[in-house]
Amino acid sequence: MLVLLATFLAGAQQSYASSFGCSFKTSCSASETALLYVKNDTGTGGFLNAHAQLASNGTYPYALCCSSDLALSSSCANSSTTWLRISDISNAHVQTANTTASAYSQSICGGAINGGIRVKYATNCPSGFLAVASISNDTNAHIGDSAEYSLKVCLAVDSTPN
């Protein structure tokens, strides 16, 4: 009986991808997937204090480029996860995916072939999660790298499909 319980509990644990990383870059390598694009229009340029754009647009100068040992996708199809929402397809403010106050209509998604993406929002990401970006508030927010704001966007890629 104890062996069955241990087997069940071991099977219930999530198995995170052994390799997962993201960073803002001017272009993604062939082994990376752009999950969204960002641009700061204040004259300083860059990816800090920025507005967001859907990955499918791809006209902003900085991309959030991610790689994993599981193939990633920015598509909102199939078993992908909406991990941010934006107010428009470009030049957009962001909000957390679970905010209902003023639901933005555009979804920033991510998925993994033979796996899934999990999202959490926190000041410190939990074990197994990576701070891929940070946002200035739950809604009507600007986005930056993980050091820009205290509210972190934490993602994990695991081998369990959503």
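Just above sits the structure.
Residues numbered from 1 in each chain as written. Predicted model: local features only at pLDDT ≥ 70, side-chain atom pairs only at ≥ 80, totals over all residues. Heavy atoms only, no water.

## Section: the sheet that holds strand 4 (residues 62-68)
Strand order in the open sheet formed by 4 strands is 1-4-2-3, and the pairing between neighbours is antiparallel. Each edge of the sheet is formed by a strand with only one pairing partner; in this case those strands are strand 1 (20-25) and strand 3 (51-54). In this sheet, adjacent strand axes meet at a mean angle of 25 degrees when their direction is disregarded. In this sheet, strand 4 lies alongside strand 2 (residues 33-39) in antiparallel orientation, the contact comprising 4 bridges. Considered in strand 4, the bridge of Ala34 is made with Cys65. (Pairing = 2+ DSSP bridges. Helix = DSSP H or I, 4+ residues; strand = E, 2+ residues; numbered from the N terminus. Axes fitted to C-alpha atoms, helices over the stretch in contact; angles between N-to-C directions.)

## Regarding the pattern of salt bridges
Where charged atoms from two side chains of opposite charge approach closely, those side chains can pair. Tallied over the entire structure, the rule returns 2 salt bridges. Its salt-bridge partner being Glu32, residue Lys25 comes within 2.7 Å of it at the nearest N-O pair. Here Arg118 and Asp158 are joined by a salt bridge, their closest N and O atoms 2.8 Å apart. Taken together, the positions of Arg118 in strand 9 (residues 116-122) and Asp158 in strand 12 (residues 151-158) put the pair 40 residues apart, joining distant regions of the chain. With respect to burial, Arg118 and Asp158 carry one shared label: buried. (Salt bridge = Lys/Arg side-chain N within 4 Å of Asp/Glu carboxyl O. Buried < 20%, exposed > 50% of the residue type's maximum accessible area, 1.4 Å probe, protein only.)

## Considering the packing of aromatic side chains
Applying the stated criterion across every chain yields a total of 2 aromatic pairs. Each ring, one from Phe24 and one from Phe47, has its centre 5.1 Å from the other, and the planes form 10 degrees; the classification is stacked. On the criterion of sequence distance, the pair formed by Phe24 in strand 1 and Phe47 in the loop between strand 2 and strand 3 is long-range, its members being 23 residues apart. Residue Phe47 is classed as partly exposed on the basis of its relative accessible area of 21%. Seen in terms of ring centroids, Phe47 and Tyr62 are 5.3 Å apart; in terms of plane orientation they differ by 70 degrees. Their pairing is edge-to-face. Within this pair, whereas Phe47 is found in the loop between strand 2 and strand 3, its partner Tyr62 is found in strand 4, the two being separated by 15 residues in sequence. On the basis of relative accessible area, Tyr62 is assigned to the partly exposed category, the value being 22%. Ring pairs connect the aromatic residues Phe24, Phe47 and Tyr62, which therefore count as one cluster. (Phe/Tyr/Trp six-rings, centres within 6.5 Å; stacked < 30°, edge-to-face > 60°.)

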